[in-house]
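Listed below, chain by chain, are the residues.
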Amino acid sequence: LSVLLLSDTESTVCQQYGVLCDKEVDGHKKTSIQRSTFIIDKHGKLRHVLYGVHAHGHADEIFKLIKELK
């Protein structure tokens, strides 16, 4: 099983996937990222999209979804 993870330090992919959002914190508007996971198969097809994810148990959930792709 081969898995590639992406770190988007310049927000290029975030913009393309539409996960940047504006929110107000202490009266100041700032841009933040909606925590999301996208599972793309080896053919480049988007297979699963999860928004608002939480760290607890997320890795297990993703691993299960990836195994089901076979």
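Draft legend 1. View of the pattern of salt bridges. Taken as a whole and assessed by the stated rule, the structure comprises one salt bridge. Of the charged contacts, one joins R47 and D41 as a salt bridge, the two residues approaching to 3.3 Å between their closest N and O atoms. A relative accessible area of 38% means that R47 is categorised as partly exposed.

Draft legend 2. Looking closely at the packing of aromatic side chains. A complete count under the given rule lists two aromatic pairs for this structure. Between the aromatic rings of F38 and Y51, the centroid separation amounts to 6.0 Å while the plane-to-plane angle is 90 degrees, which identifies the pairing as edge-to-face. Within this pair, whereas F38 is found in strand 3 (residues 36-40), its partner Y51 is found in strand 4 (residues 46-51), the two being separated by 13 residues in sequence. With a relative accessible area of 24%, F38 lands in the partly exposed category. Following the ring pairs from residue to residue traces out a cluster consisting of Y17, F38 and Y51.

Draft legend 3. Region of interest: the environment of D26. When you line up the elements, D26 lands in the loop between strand 1 (20-25) and strand 2 (28-33). Sequence-wise, D26 and F38 are twelve residues apart; in three dimensions their C-alpha atoms are separated by 31 Å.

Draft legend 4. Spotlight on unusual backbone geometry. Positive phi outside glycine occurs at S11, with the angle close to 65 degrees. For S11, the position within the fold is in the segment before helix 1 (12-17). Residue D26 is not a glycine yet carries a positive backbone phi of 55 degrees.

Conventions used here
- Residues numbered from 1 in each chain as written.
- Predicted model: local features only at pLDDT ≥ 70, side-chain atom pairs only at ≥ 80, totals over all residues.
- Heavy atoms only, no water.
- Salt bridge = Lys/Arg side-chain N within 4 Å of Asp/Glu carboxyl O.
- Buried < 20%, exposed > 50% of the residue type's maximum accessible area, 1.4 Å probe, protein only.
- Phe/Tyr/Trp six-rings, centres within 6.5 Å; stacked < 30°, edge-to-face > 60°.
- Helix = DSSP H or I, 4+ residues; strand = E, 2+ residues; numbered from the N terminus.

Purely geometric numbers; function is a separate question.
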